[in-house]
Every structure is written in structure tokens, then in C-alpha cells.
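The residues making up each chain are set out below.
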Amino acid sequence: MPKLMPMNALLRLCLAALLALLCSLGWAQKSPAGNGAVALDAAQRAWINENKDRVFSVGFDPEAGFDSFEFQGRRIGLLPALLEDMQTQLGLRLLPAEVKNWDDAYGRFLAGKIDLLYGANPTAEREKVMRFTQAAQKYPYVVFARKDSLVQTLGDLDGKPVGFLANDFVIERLPAEFPNVQVRAASFEDQREGLRALVAGDVDGFVTAGGGVEYEFLNDFPDLILIAEIKAITSDMTFAVAKDRAILAQIIDRYLDHRQLIIQNLAREARRNYNRKVLRLNEAELAWLAKNGEAVVGVAEDYLPFDHFDKGEYKGIAGATLDRIADLIGIRFKVVSGTFAKMLERAQAGEVQVLNLAKTDERQQHFLFPRAISTERDIIVGLKSSPPVQDVYGLDGKRVAVIDGFWHEEYLRKNLKSPHIVKTADIMASLRLLRAGEVDYVIENPTVLEFYINGLGYTDLVKRGNTSKDSFIYFGVTRQQPELASILDKVIPLIQFEEMKYLGMQTVPTLRNEANLQLTQLLAALALALLVILVVTLRTVRKLAEQKAKTQFLREREHLLYTDSLTGFYNRNYFSQKADSVMSTDFPQAIVVADMNNLKRVNDSHGHAAGDALIKAFAEAARAQWPQATHYRIGGDEFLFLLPHCSEEQVLRELEALKQRCQQARFEVAPQLWVSPSAALGHASRLDAQSALQACIAQADARMYAAKASMKKRSTDE
């Protein structure tokens, strides 16, 4: 008889066969392509063999966000996961060192008491004694300021005291990257010490590396805001070793090359766990994420620019916000779409768990409302000739357009004695009725109205009043999902609305400018009328005087059509109709586009009269700087200038001169509060008429938006 196979050998054989079967079914997979065994040469393998029993200590910054942190009784994060994977892949024993702070880790590494340093950025001085690997991750530096301060951008810190982490390379790098921002540096042993100094007013800003730790700081220091993300300066999470250990750096570089996809997955998981720690999710919330972690989101059909459904994806500002929530915390969102009424019905039936809707007493019976993603209050809009309105109470007896199903109808009926409500299908229908004189006012979110009024070219519509009602933008969550609602309530404060507004606006369709179309038709009609008048004039001398008067009338009307009354610049109508002919000569020429800074903040804080004064101040500075230029005011805070006979070198000097002139044009918007106009500027040059005008303008726009993003981005544009 054949011998029986020993039991342990039989068990190993069965397990191997089961593993092979699972791999063939896709249930157990090897590492993705390009992320398998790390390829090492003979010398590197020999070095590992010689040091396989040695433990290498790794110094790091314990306040470095998701790289290393305590969560649910364990120290986890990207760094521990990397070190564990390195041991598996390389056979090297790498363990985190016990360190107090970054300065402690850095000093002990230089003293030879720590073998590797994680997160040190290469500098000329450091490269004399260290060998650096490539970066496992790169984190942009971020800038904190107080909520109650006037510091809104990186440029606002010029000449002010700013805090930095001691020995942080950004102290030297910041003035090199931004030579026009000269700060007075103050060093702190750890980030929290610096942030406490910022809260106390000892410094006006604090600059440190991101990597997720900024969310923890915002949560722990509610009086602070994030005003900028400096993408030009990153904290590179390298592994540094002593100069005489170059082979160790080479081995780790090989690992980083071969495991890029794995490292990305490890970083994503570490970031989400870190955010769950920062948000202090409770056991029920963590259990919901582990067991379920998915929610169905209803998208109303095109409530632009917040809601837009496109090819199965949630676009717009609300869609961008949910994408950021999913990335931050790990919730999966499944999207369905339909009319708002249908989505509301499905939500009440439990088929949809999340829906963008206003908070009302009736809806709170069916939905939980986490904190708002936008705290803008609805405004009241009318024609320029419409009288101002004091809250909704001034709408009593007035005809008010209300979108069918929206909360405004319920609110108006409760608060007005004689409400006159005209129901419409959507916001465009409401605005058209307003322009036609069939209703007197429209109530809506200011971002929505700005999008439609500017996009459609309805310059005859203006804000006529504010509302005091809580008309914020919320994600309502069905009451059957309390854990989901509480998670959203905790994560939403980490998200900057202005950044989501910027991202969401890029994903929604552009509206067709109806006002321009109507203007074209009007001009065509005027041209035809003029032709008829000319024919009649040739037939009768007696009507010559009348024709002359009509011609003068048309000239004055053209002036009104084409001139911005506030600045005296040409307006968008003139730019749309005549820019091609005006810009076809005087080469080389430069085109400069400008987008004013802080106009909304001045309007909101000090009124539109102050905002108009700010616009005038900028216009006067531009006119004084470029008297020979053709000036356009394209929109509320948007300008375009044509500089004739201007080379690339000249326009760069001119832009700098305009900035200096603006800084000197100070005026008092409130007692003891002085403001200077400023703008994000972009330029492009045309050497001849063969260069496409629109391409040139697009290039200038791109540079302007890049300048804007560099000055005002928040994370987070925002």
C-alpha cells in the first residue's frame, strides 16, 4: 500500500490549491503590475543580507498629519504602513523612533542617534551631510490666519510677523518664491505653539506643511481659517540618510519606484483614517462606515450651478462638495436624478438618502440637516427701476415668482398677509417673467442668481433686498440614516465653499447670453431703420433737419449702449460688437485682463457705495497708468485693456507699475479703515493680425486665473 501523506503536508497542499483557485477567480490577487517584487542589484541585495538583523530607526515629525497618528489605540498612518511594506518587500527592519517633535528628530539624526529621517526637504546645506531619496508624497504648504483679521491672501502678510516651525526650510524658500512678500519670521518649536500665538495676535499668519494636519488644526482652533495653499512650495516626504549610507538611499529609491500604486492606496487609506480621527467619529459612525459606507444621492435636474446631472455623475458645486467628502472620509455616493419633486418623493420613501434641499419645519419631520455647505442667505431681485425691499415683508401684495416645489411658497404664505405668488418651472422662467414685467420680484440664492444673470446677460436685473430667513444650502439626510447625517455634520466644516464654488463652476454648462442676442437683433433693426431714413432723406430735402436730429439721437443712444456709467470705460456690449475692428491695428499690442480682489467683501461689509468707490479707484489707476489704452469693463469686477505698440517686456513693466499705483490709491471705506484697489492680472501679446484675438484673450485669462489661484486659493480654491 502507498504511504499516507502526513497531515501537515496535506494541509499545506490543500491551502496552496485553495489559494490558486481564489487567484484564478480574482478573489485573491497579486500586487498590481509594476508593484511586485522590488528589483535590486547584487550589491544592494548583499547589503540587505549583511544588515537583515539590524533595526534601523526612522525619525519623523509627530505632528505631520496622516503620516503617523494614534487611532483606536494603535499608531497607524502612511509612515507605519510604508515601513511595514518595506520590511515585507526588502527584508529591512525599519521602526519609527520615539521623538518629541520635528526639531528633536532632526537634531538626533544629525547627532547620529537616528538612522533615517522621514520628511526632510533637500537644501544646499543639508545635502552636504545627507543623501535624499525621492519623495513618497508631496504636501503643499498652507497658510493660516485669524477669521477676524483683514489677512485674506498670502500677499496680505507682506511686512507682517508670520510664524514658522523651527528649522523649516520654507523660512528661506518663501521669500525666494514670492519676492514681493517680505515677512518677519518668528520660529516655534511645534505647530500648535505657533497656532496659539496666531490666535493670541502675536503673529498675523502661520505657514506650515499640509498633509491633512491642517484639518486637525482647523478643528482644534475654530478662530482660524486657511487662506492659501502654496503649491509652489511642497513638503517632500523623502527618506534622508547619512552621506556614507548612499546604498540605503538607493534601495529605498528602488522601493519607491516599484510601489507607487501601492503607496497611493496606502496614503488614501491613511488620510481617511486620519480624518476620521480628526473628526472624532464615534463608535456608531465608524461602524456605519465599516458596515455600509454607501448612500444614494438624488440630483435635481439642473439647479445650476449647484446641481447638474451629467452621464451618471453629480456635477456643480454640490457635486464637487460630495466628491470632496467622499475623498476625505471614504463614503461612497451613488447618484440618481430626476425632477426635484420626484427626488423629494423618493427620499421620503427611503429610496434616496441624501438630497440638496432647503430646511423647513415640514421637511425636518422627514430629514436630518447637517450644517450648511453654504451660508449665503437668499436675496430679492428686481428690475433696476424696482423699489428696494426690506426683507420679504416688503413683498406683501407684490407679484413674486416662485419655482414650483421650492420652500419660498410656504414661507411667503406664512409671513405675508396678501401673498401674490406666480409659480414657474425653473429659475430661467422666473427671470424672464421679471424682465417682461409680469412679476415684480424673484427670491433666490445669490450664487444661483449671479450665475444666471451674468450668464444670460440680464444686466437690467439687480439686487433689491435681503432675506433674514435661514435659506442656506443643505444636504438633507433621511431620518433613517442618523449616522450618515452626523458624519456629514462633522466633515462639512473642513470644506471651503469658495473652493467648491470654483471647482463646481468648471463642470456646469455655459449659458447662452440672451441679452447679446437681443442686442444683435436690436442693432439689426436700427440699421434697417437707418437705411430707410437715408432713402427718404435723398427724396426730400425738407426732412434733412429731421434726419440730422435722429442721427444725433442714435449717437447718444450708442454712447449709452456702449459705455459703462460707473467708470466711463467701454462696456461688454462694445467689446462684443466692435472689439475685433478696434484691436486689428497698432501692433505689437498687449492685452491685459484684470479680476478685482475683495470687491464682494467690501460690498458685504461696507455696502455697494463702497464697492463702487473701489471699482472707480481701480479704473482711475488703470486710466492714469495707460492713457493711450482702450479700456473695457467686461463685468462687475472684470476688466480688459488693449495696450497699443507694447512689447512683452514693456507690458511686464506696465503691470508692475499698475500694482504700485493701486497700492498708493488708498481711500477710507469706514472710520480708520483704508483700502487700496487690487486685482489679479493676466496678459498676452499679439505681434500681428494673424494672431487670433480670442486665443490671445484666452491666454491672458489663463494667466489671470493662475495669478488669482496663487493669491486666494483655499482647501480646499478656491
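Q: Please clarify how the overall build of the chain should be interpreted in this entry.
A: Of the regular secondary structure elements, the chain holds 24 helices and 31 strands. Each principal axis of the C-alpha distribution contributes one length, and for the chain these read about 130 × 65 × 55 Å. Across the 718 residues that make up the chain, the buried fraction comes to 49%. For the chain, the exposed surface amounts to about 35000 Å²; the carbon and sulfur share of it is 52%. A distance of 3 Å separates the average location of the 86 positive side-chain charges in the chain from that of its 90 negative side-chain charges.

Q: Looking at this structure, I do not really get the pattern of salt bridges. What am I missing?
A: Enumeration according to the criterion identifies 30 salt bridges in this entry. For Arg108, the salt bridge goes to Asp104, with nearest N and O atoms at 3.7 Å. Of this pair, Arg108 and Asp104 both sit in helix 4 (residues 102–110), separated by four residues, roughly a single helical turn. Across the pair Arg146 and Asp204 runs a salt bridge, and its minimum N-O distance is 3.3 Å. One end of the pair, Arg146, is in strand 7 (residues 138–146); the other, Asp204, is in the loop between helix 6 (191–200) and strand 10 (205–209), and 58 residues separate them in sequence.

Q: For this particular structure, what's the right way to read the packing of aromatic side chains?
A: One pair of aromatic rings is described through two measures. These are the centre distance and the angle between the planes. Within the structure shown, the criterion is met by 28 aromatic pairs. With 6.4 Å between their ring centres and 35 degrees between their planes, Phe472 and Tyr474 make a pair best called tilted. In this pair, the class of Phe472 matches that of Tyr474, namely buried. Relative to Tyr574, the ring of Tyr562 lies with its centre 5.3 Å away and its plane at 80 degrees, an arrangement referred to as edge-to-face.

Q: What is the right way to look at the sheet that holds strand 1 (residues 55–59) in this model?
A: The pairing of strands in a sheet happens through backbone hydrogen bonds and is either parallel or antiparallel. The strand order 4-1-5-12-6 describes an open sheet built from five strands, whose pairing is mixed. Each of the sheet's edge strands pairs with one partner strand only, and the pair in question is strand 4 (93–96) and strand 6 (130–132). Here the average twist between neighbouring strands, direction ignored, is 30 degrees. Note that strand 5 (residues 116–118) and strand 12 (residues 239–242) share three bridges and pair antiparallel. Bridge pairing in strand 12 links Tyr118 to Phe239.

Q: Just checking my understanding: could you explain the sheet that holds strand 19 (residues 379–383) for this structure?
A: Spatial strand order, 21-20-22-19-23: five strands in an open sheet with mixed pairing. Since the sheet does not close on itself, it has two edges, and those belong to strand 21 (420–424) and strand 23 (461–466), each with one partner. On average, each strand axis in the sheet is tilted by 35 degrees relative to the strand beside it, whichever way the strands run. Bridging between strand 20 (residues 399–403) and strand 21 involves five bridges; their strand directions are parallel.

Q: Would you mind showing me how to read the confidence of the model for the chain here?
A: Detailed reading of the predicted coordinates is not advisable wherever pLDDT is low. With 92% of its residues at a pLDDT of 70 or more, the chain has an overall mean of 88. Between residues 1–34, whose pLDDT stays under 50, and residues either more than four places distant or in other chains, the model counts 13 contacts.

Q: Could you clarify how one ought to interpret helix 20 (residues 572–582) in this entry?
A: Structural remark: α-helix, 3.6 residues per turn; residues separated by three or four positions point the same way. Burial in helix 20 covers these residues: Tyr574, Phe575 and Ala579. Summarising the axial view, the buried residues of helix 20 lie within an arc of 100 degrees, below the 170-degree limit, and thus occupy one face. For helix 20, the exposed residues lying more than 90 degrees away from the buried face are Asp580 and Ser581.

Q: Help me out: how do you make sense of the pairing of strand 13 (residues 294–300) in this one?
A: In regular strands, side chains alternate between the two faces of the sheet. Across the seven residues that make up strand 13, a large majority, six, are buried. Relative to strand 16 (residues 332–338), strand 13 runs parallel, the two being bridged by seven bridges. Residue pairing in the sheet places Ala295 in a bridge with Phe333 of strand 16.

Q: How should I be thinking about the side chain of Gln44 in this particular structure?
A: Relative to the helices and strands, Gln44 is located in helix 2 (residues 42–50). Other than its neighbours up to four places away in sequence, Gln44 contacts Ile247, Gln250, Ile251 and Arg254.

Q: Hey, could you run me through a nonpolar patch on the surface in this one?
A: A surface patch of nonpolar side chains, about 420 Å² in accessible area, is lined by Leu528, Leu531, Val532, Val535 and Val536. Take Leu528: it is sitting in helix 18 (residues 514–539). Under the relative-accessibility criterion, Leu528 is labelled exposed at 55%.

Quick notes on the rules
- Residues numbered from 1 in each chain as written.
- Predicted model: local features only at pLDDT ≥ 70, side-chain atom pairs only at ≥ 80, totals over all residues.
- Heavy atoms only, no water.
- Helix = DSSP H or I, 4+ residues; strand = E, 2+ residues; numbered from the N terminus.
- Buried < 20%, exposed > 50% of the residue type's maximum accessible area, 1.4 Å probe, protein only.
- Areas by Shrake-Rupley, 256 points an atom, 1.4 Å probe, with all protein chains shown as cover.
- Lys, Arg positive; Asp, Glu negative; His and termini not counted.
- Charge placed at Lys NZ, Arg CZ, Asp CG, Glu CD.
- Salt bridge = Lys/Arg side-chain N within 4 Å of Asp/Glu carboxyl O.
- Phe/Tyr/Trp six-rings, centres within 6.5 Å; stacked < 30°, edge-to-face > 60°.
- Pairing = 2+ DSSP bridges.
- Axes fitted to C-alpha atoms, helices over the stretch in contact; angles between N-to-C directions.
- pLDDT = per-residue confidence, 0-100.
- Contact = heavy atoms within 4.5 Å.
- Arc of directions from axis to C-beta.
- Patch = residues over 30% accessible without salt bridge, like charges linked within 9 Å, V, L, I, M, F, W, Y side chains within 5 Å.

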